[in-house]
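# Reading the structure
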Amino acid sequence: MEAEKKLEELGLSLPPIPTPVANYLPLVRTGNLLFVSGHGPGILKDGSVSFIQGKLGKDLDVEQGYDAAKQVMLNILQSMKQELGDLDKVRKVVKLLGFVNCTPDFPDQPKVINGASDLLVALFGERGRHARSAVGMNQLPFGIAVEIEMVVEVED
Amino acid sequence: MEAEKKLEELGLSLPPIPTPVANYLPLVRTGNLLFVSGHGPGILKDGSVSFIQGKLGKDLDVEQGYDAAKQVMLNILQSMKQELGDLDKVRKVVKLLGFVNCTPDFPDQPKVINGASDLLVALFGERGRHARSAVGMNQLPFGIAVEIEMVVEVED
Amino acid sequence: MEAEKKLEELGLSLPPIPTPVANYLPLVRTGNLLFVSGHGPGILKDGSVSFIQGKLGKDLDVEQGYDAAKQVMLNILQSMKQELGDLDKVRKVVKLLGFVNCTPDFPDQPKVINGASDLLVALFGERGRHARSAVGMNQLPFGIAVEIEMVVEVED
């Protein structure tokens, strides 16, 4: 449970289990790859979910966007923990695609998605270093600030 | 031909074979995975293609978007049938990325992309349940309403 | 070095090695697949990087967008060369996702991304023919005109 121990050292913990919002799964495994669905910055509290909403460049600044991306990654880690039992079964984070809800002139998508990338590297070290794209969207589901999908290589 | 029989029971049929619009392929296979190109809601009729065009939140309502996503999936299924011969060779739908052409305040991308997801589950049952992202775009090729790309695991 | 020879015949050459802009890698290999990060149309000159910036439909025309997508692909090829040593180890280009920074009414994303697709087919022939999506974005990092990510199958 090294990865979860590191999470604790960072003062973080896995969030409660999210509820799927439509006719799809949080992730699907094919061979040694997990394809993880787009997750949002949902926060489950007292049984109801609230989202970090708004557009970068208008409603949220880069630091708030960074925190939203970090929350998204915590939610992804929870989904992976449900599948894997133990996050240490992650062999390598392969690829991350980060969607940032923003105004047409907001140029700092990479700084926002760093909130997710930095957490992965802090938890998994070299195995957490990944390929990545960060792009700007005119809108995301429910007006969330960030959505991230991911491909991960896991143990047999 | 179970999947195609189900399609018929749903009152649907595979569309005519679409024509590629540029220097790329409808899908590429690597190992047991098909990577399917972004498909649109083209409708081939009397030898010419028309598209379901327009932006959600302005030109189309959610139900029309749902129908567009369903049409996209029919086109994808046709491309897969061309490759596989029989859609029953689908072992598992892995991942779907749904792009919704919309206004900057349209929040219901998931309800739109359900038009594709629901069809997959209706046809393939458990094997059709997939990971997914749904996101909002400021524009798509030719002004189409929905574009979807997909990863599918197929038999050897 | 067939692919690089072809590149030379086309009057092109691999650009200098780009500098990563955040906490991620240019690409990650899993099994026989390379997942390539979103690359931009950066041009390294005299030790400093400039980018082809602007929105299609406003700041750049289709031809300029085509050239930007071609430059992106040259940068991706450079990253792949760093990893593989020899571009001839590419067995098959699998999938390309092209993000075009554009106005909400620009419909020619495919014509722009052809700048990358055409180069791949010119270099690799049949092995270069790929699955693809081309989509319109309201903004990209640093205001770049085009960003492309890719999946490639390589030799053992």
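In case you missed it, the structure is sitting above this.
Reference entry: report on the structure contained in this document. In this text, all values refer to a predicted model and were calculated from it rather than measured experimentally.

### Section: the relation of the copies chain B and chain A
- Take chain B, turn it by 120 degrees, move it 0.0 Å along the axis, and it overlays chain A with an RMSD of 0.0 Å. Overall, the copies show the geometry of a three-fold rotation axis.
- Different-surface contact between copies: only 7% of interface residues of chain B are shared with the interface of chain A.

### Some details on the environment of Arg127 of chain B
All names here are of chain B.
- Positionally, Arg127 belongs in the loop between α3 (109–124) and β6 (131–137).
- Note on Arg127: 17 C-beta atoms within 10 Å, which makes it partly exposed.
- Considered as a pair, Arg127 and Gly31 are 96 residues apart in the sequence and their alpha carbons are 18 Å apart.
- Leave out the neighbours within four places in its chain, and Arg127 touches Val90, Arg91, Lys92 and Val93.

### Thoughts on the interface of chain B and chain A
- Every contact between the two is made by 27 residues of chain B and, on the other side, 22 residues of chain A.
- The set of elements that each furnish at least two residues to the side of chain B that touches chain A consists of β5 (90–101), α3, β6 and β7 (146–154) of chain B.
- Looking at the side of chain B that touches chain A, the element that brings in the most residues is β6 of chain B, giving seven residues.
- Class assignment for the residues of the side of chain B that touches chain A results in 13 nonpolar, seven polar and seven charged.

### Looking at the interface of chain A and chain C
- Counting residues at the interface gives 27 residues for chain A, matched by 22 residues for chain C.
- Per-element tally for the side of chain A that touches chain C: the top contributor is strand β6 (residues 131–137) of chain A, with seven residues.
- Across the side of chain A that touches chain C, the residue classes break down as 13 nonpolar, seven polar and seven charged.

### A look at the sheet that holds β5 of chain B
Residue and element names in this part refer to chain B.
- Overall, mixed pairing links the five strands, which are arranged β1-β2-β7-β5-β6 in an open sheet. Strands with a single pairing partner mark the edges of an open sheet, and in this sheet they are β1 (27–30) and β6. Here the strands of the sheet are splayed against their neighbours by 15 degrees on average, with no regard to which way each runs.
- As defined by bridge partners, β5 adjoins β7 across nine bridges and the pair is classed as antiparallel. Looking at the pairing, Phe99 lines up with Glu147 of β7.
- The strands touched by helix α2 (residues 62–84) within the sheet are β1, β2 (33–39), β5 and β7, with β7 carrying the most contacts at an inclination of about 40 degrees.

### Description of the pairing of β6 of chain A
Residues and elements named next belong to chain A.
- Counting buried residues along β6, seven of its seven residues qualify, which places the element largely inside the surrounding structure.
- In β6, alternate side chains face the same way, and those of Ala131, Ser133, Val135 and Met137 on one face and Arg132, Ala134 and Gly136 on the other are all buried.
- Bridge count between strand β5 (residues 90–101) and β6: seven bridges; the pairing is parallel. By the bridge assignment for β6, Phe99 is matched with Val135.

Rules used throughout
Residues numbered from 1 in each chain as written. Chains lettered and ligands numbered in written order. Predicted model: local features only at pLDDT ≥ 70, side-chain atom pairs only at ≥ 80, totals over all residues. Least-squares fit on C-alpha atoms with pLDDT ≥ 70 in both. Contact = placed C-beta atoms within 7 Å. Helix = DSSP H or I, 4+ residues; strand = E, 2+ residues; numbered from the N terminus. Buried ≥ 20, exposed ≤ 12 C-beta atoms within 10 Å, placed from the backbone. Nonpolar A, V, L, I, M, F, W, Y, C, P; charged D, E, K, R; others polar. Pairing = 2+ DSSP bridges. Axes fitted to C-alpha atoms, helices over the stretch in contact; angles between N-to-C directions.

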